[in-house]
Amino acid sequence: AAAHGPVARGVAVTEIAAPPEAVFARVSAIEGYVGKLPMLASLTVYEQGEAGAWVIKRARYTNRILPGYAYINHLEHHINRRMKIMNFDLDTEKQNDFEAMSGRWFIEAHPNKPGWSRAYYQVNLQFPRMMPGFVRGLLINQGLSSATGWVKDECEGRSPSGLGTAG
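Just so you know, the residues in each chain are numbered from 1, in the order the chain's sequence is written. Per-residue local features are limited, in this predicted model, to residues with pLDDT of at least 70; the limit for side-chain atom pairs, both in listing and counting, is 80 or more; totals at the level of whole chains, interfaces and linings are taken over all residues. In computing side-chain values, all of the structure's heavy atoms are included and hydrogens and water are not.

A separate point is the pattern of salt bridges. We count a salt bridge whenever a side-chain nitrogen from Lys or Arg sits within 4 Å of a carboxyl oxygen from Asp or Glu. Following the criterion strictly, the structure yields 11 salt bridges and no others. Across the salt bridge formed by Lys-36 and Glu-154, the nearest N and O atoms sit 3.3 Å from each other. With Lys-36 in the loop between helix H1 (20-28) and strand E2 (40-51) and Glu-154 in helix H2 (residues 133-155), this pair connects stretches of sequence that are 118 residues apart. Note that Arg-58 is salt-bridged to Asp-91, the shortest N-O span being 3.5 Å. Comment: elements are numbered from the N terminus, with helices defined as DSSP H or I runs of at least four residues and strands as E runs of at least two.

So, in C-alpha cells, the structure goes:
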C-alpha cells in the first residue's frame, strides 16, 4: 500500500473581458468565495498580516462534496497586488484533510485584446489515502472549471448561477 495518497495537478488559462486589476481584485478577495465555488460551505480568515509587498491571509475552508461528506483544509495565501499573483499552500500548523495542496493565480493583461485579461490558475493536490476514488474524480473533474468559471462570469457581468462552467 502507498504511504501517501494520489496526486493530481491541473492548470487552467482563461481569457476574461475585464482589466487585470478588476480580475485580481476578485481572485484575491478570498473572503467572498462562499457562494461562488459550488462545494465551498464556509471560509473563515483566522490570521492576516503583511510581509513587504505581500499580504498574507490564513483561512479555513470547509468543502461539502456530498451530503454527509466534507473536508477541511487551512490555506496560507500570499497576495501581491502589484504583481497580480496569489500563491497558496496548506497551513501545516493546522490539521488538514488533504496531505498536500499548493497553487497559484496569476493575472496579466491580454497581449492582443486591450482591456482584457488572461488568468492562469494552477493547483497541485495530494489526496488523503482513504478518500474514495469517486470523490477524487468529482474534485478533479469539477475543480478547474469551477475555480476559474466564477471569476470569468463575475468579471464579465454574468450571474454566478453558471458556476462550474468555464465559458
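Before going further, it helps to examine the side chain of Asn-96. Here Asn-96 lies in the loop between strand E5 (85-90) and strand E6 (100-109). Polar contact criterion, stated in full: a pair of N or O atoms within 3.5 Å, where within protein one must be able to donate a hydrogen and the other to accept it, and residues adjacent in sequence count only if both atoms are side-chain atoms. A polar atom in the side chain of Asn-96 sits 2.5 Å from the backbone nitrogen of His-74. For Asn-96, the side chain forms a polar contact with the main-chain oxygen of Lys-94, separated by 3.1 Å.

Along the chain, the position of Phe-98 falls in the loop between E5 and E6. Separated by 44 residues in sequence, Phe-98 and Trp-54 place their C-alpha atoms 25 Å apart. In this structure Phe-98 touches Tyr-71, Asn-73, Leu-90, Leu-125, Gln-126, Phe-127, Pro-128, Met-131 and Leu-139, once residues within four positions along its chain are discounted. For this analysis, residues touch if any pair of their heavy atoms sits within 4.5 Å.

The next thing to look at is the pairing of strand E7 (residues 117-126). The rule is simple: take the accessible area with a 1.4 Å probe, protein chains only, and divide by the maximum for that residue type; under 20% is buried, over 50% is exposed, in between is partly exposed. In terms of burial, E7 is a largely internal element, seven of the 10 residues being buried. When DSSP finds two or more bridges between two strands, those strands count as paired. Bridging between strand E1 (residues 7-16) and E7 involves 10 bridges; their strand directions are antiparallel. Within the sheet, the bridge partner assigned to Glu-15 lies in E7 and is Arg-118. Where E6 and E7 come together, 10 bridges link them in antiparallel fashion. Considered in E7, the bridge of Phe-106 is made with Tyr-120.

Regular strands place their side chains on alternate faces of the sheet. In this structure, E2 lies alongside strand E3 (residues 54-66), joined through 10 bridges in antiparallel fashion. By the bridge assignment for E3, Leu-40 is matched with Asn-63. Between E2 and the antiparallel strand that follows it, E3, lie two residues; Gly-52 among them carries a positive phi value of about 65°. In this sheet, strand E4 (residues 69-80) lies alongside E3 in antiparallel orientation, the contact comprising 11 bridges. By the bridge assignment for E4, Arg-64 is matched with Ala-70.

Our next topic: the nonpolar core. In this description, a nonpolar core means a group of buried Ala, Val, Leu, Ile, Met, Phe, Trp, Tyr and Cys residues linked to one another through side-chain atoms lying within 4.5 Å. Core analysis: the biggest nonpolar cluster contains 38 residues, and Tyr-33, Trp-105 and Leu-139 have the highest contact counts within it. At six residues, the largest contribution of residues to this core is made by H2. Ignoring any residue separated from it by four or fewer positions in sequence, one finds Tyr-33 in contact with Arg-26, Val-27, Leu-40, Leu-43, Tyr-61, Met-86, Trp-105 and Trp-150.

Attention now goes to H2. The α-helix winds at 3.6 residues per turn, so residues separated by three or four positions along the chain end up facing the same way. For H2, with 23 residues, the first-to-last C-alpha span of 34 Å sits near the 33 Å given by 1.5 Å per residue. Here the bend at each residue means the angle between axes fitted to two seven-residue stretches, the one ending at that residue and the one beginning there. In H2, a bend of some 40° at Gly-143 exceeds every other bend along the element. Every buried residue of H2 is accounted for by Val-135, Leu-139, Ser-146, Ala-147, Thr-148, Gly-149, Trp-150, Val-151, Lys-152, Asp-153 and Cys-155. The inward-facing, buried residues of H2 contact E1, H1, E3, E4, E6 and E7. Expected span of a helix: the number of residues minus one, times 1.5 Å.

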